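Observations on the three-dimensional arrangement
Each chain, letter by letter, is given below.
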Amino acid sequence: MLKAQIQDVNQQCSTTVAQLPVFTEEEKSLVKGTADFFGLSHYTSRLVSAGTVRMCTPGYESIGNFSLHVDPSWPQAASSWIHVVPWGLRRLLKFVSQEYTGSKIPIYIAGNGVPTGDTGDLLNDTLRVDYFRQYIDEALKAVKLDAVDVRSFIARSLLDGFEGPAGYSLKFGLHHVNFEDSNRPRTPKASAYFYSSVIRKNGFPSQALSRSTPVVFDRPVPSKLPSLPASEVPSKAKVVWQKFSSQTAFERDMYFYGTFPEDFTWGVSSSAHQIEGGWDADGKGPSIWDNFTHVPGNVNNNDTGDIACDSYNKVEEDIYMLRALGVKNYRFSLSWPRIFPTGRNNSINSYGVAYYNRLIDGLIANNITPIVTLYHWDLPQALQDIGGWESNELIDLFDSFADFCFQTFGDRVKFWITINEPNVISRLGYGNGLFPPNVKEPGSAPYRVAHILLKAHARVYHTYDDKYRASQGGVIALCPFISWAEPKTPSDPRDIEAADRYLQFLVGWFTHPIFKNGDYPEVMKWKVGNRSELQNLPSSRLPVFTAEEREYIRGTADVFCFNTYSAKIVSHSTTRLRPFSYEYDQEVSVTVDSSWPSSALSDHRPVAWGLRRVLNWIKEEYGNPPIYIIENGVGKKAKSDIDDNARIFYYKTYIDEALKAYKVDGVNLKGYNAWSLMDNFEWVDGYDPRFGLHQIDFDNPNRPRTPKRSAVYYAEIIRNNGIPLPKEDEFLYGEFPKNFSWSVATAAYQIEGGWRADGKGLSIWDKYSHTPLRIGKDATGDVACDSYHRIEEDVEMLKSLKVSHYRFSISWSRVLPDGTTRYINEKGLNYYERLIDALLAANIMPQVTLYHWDLPQALQDVGGWENDTIVQRFKEYAEVLFQRLGDKVKFWITLNEPYNTAYLGYGVGTAAPGVSVRPGRAPYVVGHNLIKAHAEVWHLYNETFRARQGGLISITINSDWAEPRNPHNQEDIEAARRFMQFFLGWFAHPIFKNGDYSEVMKRRIQERSLAQGLSKSRLPEFTESEKQRIKGTYDYFGLNHYTTVLTYNLNYPKGVKSYDSDRGVATVTDRSWLGSGSLWLKVTPFGFRKILRWIKEEYNNPPIYVTENGVSERGAFKFNDTWRMHYYRTYINEALKAVVLDGVNLRGYTAWTLMDNLEWAVGYEEKFGLYYVNFSDPALPRHPRASAKYYSQIINCNGFPDPATGPHPCLEQEPEGK
């Protein structure tokens, strides 16, 4: 037909209107049948009528002699070409089947959807819901009624995207994307929930399916826990403090990799009052929290849970989130007044029951185990009116509610929690009165209420045990709140006792009766009893259980559940006798460590290592029962925290501590639940603290749910069943290339001392350290390690390390006291000649740094590195050294870390010369002069000395590695690139690339300078001849590297003139990274490999020498510096990977540093040495740390021999004293 129509129109018109290419016979047979299915994209339909006017305009439209129309009654979508015509899809499918596919080839509907505009309600997209409902139904008719073989329906589209010429104004997505937010958050629309339900039901089943039978899931097998004797005082669990409190930060914080057992259950948690809303919907009765929140002033911002997350009306939406997370369980609570509006079984609200049935059935259908809490604080107000938990009547009433729940839901619910955090109810509801029912009777009410709660719990447990366990086979427990207690002084037995007492009062109060002997902990009975007597009371304020009650309560839990968020520091305290108070009864003082990170709630500071200790305490105290962490999470105060990296750090560290407890300590941990599924009503704090893995927009009546980055992170942990070691972090055995140089480094000002000896001139560091408040503890380098007088000792240390090279620097002012060649100080120069001779005699090659920050003060007096005459001065100084030492020195470094000279010395002023008045200009001027000075000295050596002396000369540049804080956020990725170009690239780009600064530096500084009203950039420009002179002035790339940072974009106010504001990058560190003795230095070996690879790729694979790498410590001398050995082992191994796996041209490695020394502005507090120096002894003795021997072993082996090949001779111990 197509060929005939074209022929027809061409004959009738005088010109060729259309031309159809011709297939050869061979091509026809090649093309025919090349489809396994018929892929069909379809959106809309047209009405067709016969053409009346013959068109002779060349083009596709002139063929066929028909015209297209639409019926004005068809609804139009946001795009003019799409009208909603569902019946067209069925007809089209029938046509395709009859015309092309028949029964041989299936049809795949490969694209079908409808666009909406960018105005109105973007989430409640009823138009799209109706479109899909009708179109999918037509496809169903084609299958069922017309016998068309349709195998697939693909909705367009997963999320809003770029729609060609319409840009982002047309939205096809099932998920809304906020293109204004750099995180591009994705929020499901109504259509996503609808389409998800169609998928789940595989169409439109005619009647509601009968209730599905529960899947068999990995649920705990009920088994009677052993009965245990009463706890001693302090309890046997004190072994936990003995084991853990003496850990070094390195031992405590070392990240652990591994996975949990197959049957481990991962979940998320919520509670009725916090998420459901519908506070008076469908006959629900008021709870004590409803009434409390309706009184102005009771809750932050007068927030209420009246609507909350509206989960009462959003079962489908909540299950959608749970399914996306991949959780195995969902812990939620039943609202007592929603099921029994008056709290009694004579008033059952069928709507409430139906809501929970829908939720439970939905969970079961998605293989998600319900963990159901019977009581999560929302007592029916009608029961509070008869005394609430102070009345014994509640024991029977709670039992009757529980009985109904077991009977109604127990066929599907196999994991029950009786009461959530009974210790919080007792203290906050009846002690300080912060929570409803607001009873302020801290000395007796908490104990009375706890007594009744325990009996009520036990009653419900026995009801389940006697009536339901045999047929339902579930487990049941209660769930206390626990904060870890760390003794303030672990070596003080009174503080250990205080920490144990704190835990017994907090947790043992409920768990000791249940898991031990049916009675309160001895220490509680003792303290409350004795204090009551001292208070002249006739009996203890702590009620007494009868022998019968004790027997009834003992053993009423199948598993140990608890909620935990933080830790406390506890010490012994003699507390007041009045007023009577549960808090005073404990005789403890409770604080937190101000260095712990903060969160939205002041008493919820993240202290991940506390979780491992809590788990061990439960193991020791209660005989290692099956343990479930039911709530754990962190709050943040922010309306929007999609990019919630603090929450990711929280889960990353807390889950890791749980993993250690399971894998290393043998804790019987069975499950972990994150708090919480979504942002919700956080009790008296209202909606201010956000704990959710999903963000809720409480200003939007739809309460849209948007996954945060933590949801993606937690889903990955669940998928991996823990934290397996990433492939790239696996240790690599192997050796470095033959002739690899192994070195160790120092710097003149840091070790030499002799600051006025033998005619040495003053340097800027002499002046800086003699200025008050500049250096930690007013330290100076006047004596330092006294290396000026100890050549022999220094060389002996180097020999025992087995290094092939030694990197040291020359003090400019020791050789040229006023910085110029007017006078050469021969005695100073002679020191270096003797050192070099001693090194060569020991077969150690000197690596000499010309400038390691100690500029002669005389040159600083005329402007230092800001004065461009410095370029000539530096060249003259270098010439003296090349002439006098160049015959023996074959490895030169012009400048050490020019970045620090420019930025620290002349930008922020935290290093000599301490200039900070021109932070937006001085660093760039200084950097400019440093680059030119380096280039001149390189050319001097290259042209005058290289031929005769045959050495290498280059520069050492320092840089951290930068990772984007959020690797999925383009802004953060760009911030990381910018960080690298402003840090390493500032000096490397001109020297190793094109003689000029990188484009991003030039552009940003120029743009900000002009915006600040300046006529030109604050970054100086190189002339063309200078660029040519600078480019390529290297023989190798010298790199100093210690650590990695996470970067994100930060826009500074326009008027701020500084290097930092020009760069526009902020940095954070990952909380799971090991620390060191320096705040800025986190142990991040992976970054070392990455920066080496980056230099290879960015600068065309230059030969690289690592000229510094090491780690600091603080505090008293410890010979066995495991943390430093770990640092060298992991960092050097990453360097090996860079060589072996990435082809990086690495020629040498240098450890920083030979011995402890003056660490610049921090003085002697931070120690990097392989050798310890005792600075409090005038003799300054040096002692090797364990890391010195370890480093010498790596050198001896030239890497890491594989233990699988048997013992390697390089590892053999040498006899002592050799």
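Please refer to the structure placed before this passage.
For the structure given in this document, a descriptive report is provided here. (Residues numbered from 1 in each chain as written. Predicted model: local features only at pLDDT ≥ 70, side-chain atom pairs only at ≥ 80, totals over all residues. Heavy atoms only, no water.)

As a further point, take the packing of helix 17 (residues 493-517) against helix 18 (residues 522-534). Viewed as axis vectors pointing N to C, helix 17 and helix 18 meet at an angle of 105°, and their least axial separation amounts to 9 Å. In terms of their interaxial angle, helix 17 and helix 18 are classed as roughly perpendicular. Side by side, helix 17 and helix 18 meet where Arg501, Gln504, Phe505 and Trp509 of the first sit next to Val523, Met524, Lys527 and Val528 of the second. (Axes fitted to C-alpha atoms, helices over the stretch in contact; angles between N-to-C directions. Helix = DSSP H or I, 4+ residues; strand = E, 2+ residues; numbered from the N terminus. Parallel < 35°, antiparallel > 145°, perpendicular 65-115°, else oblique. Contact = heavy atoms within 4.5 Å.)

Turning our eyes to something else, we now look at the sheet that holds strand 31 (residues 1037-1040). Judged by pairing direction, the barrel is parallel, and its eight strands sit side by side in the order 25-26-27-28-29-31-34-35 before closing back on the first. Pairwise comparison of adjacent strand axes, ignoring direction, gives a mean angle of 25° for this sheet. In terms of strand pairing, strand 25 (residues 741-745) meets strand 26 (residues 805-809) through three bridges, oriented parallel. Counted as the bridge partner of Val744 is Tyr806 from strand 26. Packing against the sheet, helix 30 (residues 870-885) makes contact with strand 27 (845-851), strand 28 (891-896) and strand 29 (952-958), and its axis sits at approximately 160° to strand 27. Contacting strand 27, strand 28 and strand 29, helix 32 (residues 922-949) crosses the sheet at an angle of about 160° to strand 29. (Pairing = 2+ DSSP bridges.)

Let's shift gears to the packing of aromatic side chains. Throughout the structure, instances matching the rule amount to 122 aromatic pairs. Taking 4.9 Å as the distance between ring centres and 50° as the angle between the ring planes, the aromatic pair formed by Tyr788 and Tyr831 counts as tilted. Taken together, the positions of Tyr788 in the loop between helix 25 (764-769) and helix 26 (791-801) and Tyr831 in helix 28 (residues 826-841) put the pair 43 residues apart, joining distant regions of the chain. The same class applies to Tyr788 as to Tyr831, namely buried. Here a set of aromatic residues connected by ring pairs shows up, and it is made of Phe260, Phe264, Trp266, Tyr650, Tyr651, Tyr654, Tyr662, Tyr672 and Tyr714. The ring of Tyr312 is capped by Arg338, whose NZ or CZ atom sits 4.1 Å from the centre of that ring. (Phe/Tyr/Trp six-rings, centres within 6.5 Å; stacked < 30°, edge-to-face > 60°. Buried < 20%, exposed > 50% of the residue type's maximum accessible area, 1.4 Å probe, protein only. Lys NZ or Arg CZ within 6 Å of the ring centre and 35° of its normal.)

With that settled, consider the pattern of salt bridges. The tally for this structure, following the rule as stated, stands at 86 salt bridges. Residues Asp996 and Lys1002 are paired through a salt bridge, measuring 2.7 Å at the closest nitrogen-oxygen approach. In this structure Asp996 comes out as buried when scored by relative accessible area, which is 6%. The class of Lys1002 is partly exposed, set by a relative accessible area of 28%. Among the ionic contacts, a cluster of salt bridges with common partners joins Asp641, Asp644, Arg647, Asp679, Arg690 and Lys708. (Salt bridge = Lys/Arg side-chain N within 4 Å of Asp/Glu carboxyl O.)

With respect to burial, strand 17 (residues 627-631) is a largely interior element, five of its five residues being buried. Sheet topology note: the strand 15 (residues 560-572)/strand 17 ladder contains four bridges and is parallel. Note on strand 17: the bridge partner recorded for Phe562 is Ile629.

Time to look at the sheet that holds strand 32 (residues 1044-1049). Strands sit in the order 30-32-33 across an open sheet of three strands; the sheet is mixed. Looking at which strands have only one partner, the edges of the open sheet turn out to be strand 30 (961-964) and strand 33 (1065-1068). Each strand of the sheet is rotated relative to its neighbour by a mean of 45°, with strand direction disregarded. Pairing of strand 30 with strand 32 involves four bridges; the strand directions are parallel. Within strand 32, the residue paired with Trp961 across the bridge is Thr1044. Packing of helix 33 (residues 970-994) onto the sheet brings it into contact with strand 30, strand 32 and strand 33, and relative to strand 32 it is tilted by some 120°.

A separate point is the side chain of Gln504. Structurally, Gln504 is set in helix 17. Using a relative accessible area of 1% as the deciding quantity, one classes Gln504 as buried.

Summarising burial for strand 10 (residues 329-333): five of the five residues are buried, a large majority. Pairing geometry for strand 9 (residues 265-269) and strand 10, over three bridges, is parallel. Considered in strand 10, the bridge of Val268 is made with Tyr330.

With that settled, the discussion passes to the environment of Ser598. Structurally, Ser598 is set in the loop between strand 16 (588-591) and helix 21 (609-622). Accessibility expressed as a relative area gives 57% for Ser598, which makes it exposed. Taking the C-alpha atoms as reference points, Ser598 and Leu434, 164 residues apart in sequence, are found 22 Å from one another. Once residues lying within four places of it in the same chain are set aside, the contact partners of Ser598 are Arg605 and Pro606.

With the rule as written, the count across this model stands at two disulfides. Across a sulfur-sulfur distance of 1.9 Å, Cys13 and Cys56 are joined as a disulfide pair. Linking Cys13 and Cys56, the disulfide has an S-S dihedral of approximately -80° and is accordingly described as left-handed. With a gap of 43 residues between them, Cys13 in the loop between helix 1 (2-12) and helix 2 (25-31) and Cys56 in the loop between strand 2 (47-50) and strand 3 (66-69) connect regions that are remote in the sequence. Among the residues examined, Cys13 registers a relative accessible area of 4% and is labelled buried. For Cys56, a relative accessible area of 36% translates into the label partly exposed. The disulfide partner of Cys1197 is Cys1210, and the S-S distance across this bridge is 1.9 Å. Between Cys1197 and Cys1210 the sulfur-sulfur dihedral comes to about 95°; the bridge is accordingly right-handed. (Disulfide = S-S within 2.5 Å.)

A word on unusual backbone geometry. In the segment running from Ala912 into Pro913, the intervening peptide bond is cis, with an omega of 5°. One non-glycine residue, Asn202, lies in positive phi territory at about 55°. Residue position: Asn202 is located in the loop between helix 5 (190-201) and helix 6 (239-244). Judged by its relative accessible area of 72%, Asn202 falls in the exposed class. Backbone geometry places Asn1100, a non-glycine residue, at a positive phi of 65°. Tracing the chain through its elements places Asn1100 in the loop between helix 37 (1085-1098) and strand 34 (1104-1108). For Asn1100, a relative accessible area of 70% gives the class exposed.

Moving on: the nonpolar core. Among the nonpolar cores identified, the biggest contains 164 residues, and Leu334, Trp389, Trp416 and Tyr714 are the most heavily contacted of them. With 13 residues, helix 16 (residues 445-472) is the largest single contributor of residues to this core. Not counting the four nearest positions on each side in its chain, Trp389 is found in contact with Trp336, Tyr375, Leu379, Leu394, Phe398, Tyr430, Val449, Ile452, Leu453 and Ala456. Core analysis: the next-biggest nonpolar cluster, separate from the first, contains 150 residues, Phe736, Tyr924, Ala975 and Ile1132 among them. (Core = buried A, V, L, I, M, F, W, Y, C linked by side-chain atoms within 4.5 Å.)

Attention now goes to the environment of Gly754. One can find Gly754 in the loop between helix 24 (748-751) and helix 25. Along the backbone, Gly754 and Asp782 are 28 residues apart, and their C-alpha atoms lie at a distance of 6.1 Å.

On the surface, a cluster of nonpolar side chains totalling about 330 Å² of accessible area is made up of Phe23, Leu30 and Val31. If you trace the backbone, Phe23 turns up in the loop between helix 1 and helix 2. (Patch = residues over 30% accessible without salt bridge, like charges linked within 9 Å, V, L, I, M, F, W, Y side chains within 5 Å. Areas by Shrake-Rupley, 256 points an atom, 1.4 Å probe, with all protein chains shown as cover.)

The subject of this paragraph is helix 23 (residues 709-720). For helix 23, spanning twelve residues, the distance from its first C-alpha to its last is 17 Å, which sits close to the expected 16 Å at 1.5 Å a residue. Within the sequence span of helix 23, burial applies to Arg709, Ser710, Ala711, Tyr713, Tyr714, Ala715, Ile717 and Ile718. Looking one or two places after helix 23, you find Asn721, whose phi comes out positive at around 55°. (Expected span 1.5 Å × (residues − 1).)

The next subject is helix 28. The terminal C-alpha atoms of helix 28, which comprises 16 residues, lie 22 Å apart, in line with the 22 Å expected from a rise of 1.5 Å per residue. Here helix 28 has its buried residues at Gly828, Leu829, Tyr831, Tyr832, Leu835, Ile836 and Leu839. End-on view of helix 28: buried residues confined to an arc of 145°, all on one side of the axis. For helix 28, exposure combined with an orientation more than 90 degrees from the buried face picks out Lys827 and Ala841. (Arc of directions from axis to C-beta.)

Let us now look at the packing of helix 33 against helix 34 (residues 999-1011). Their axes nearest at 9 Å, the elements helix 33 and helix 34 cross at an angle of 105°. The orientation of helix 33 with respect to helix 34, classified from their angle, is roughly perpendicular. Within the contact between the two elements, helix 33 uses Arg978, Gln981, Phe982 and Trp986 and helix 34 uses Val1000, Met1001, Arg1004 and Ile1005.

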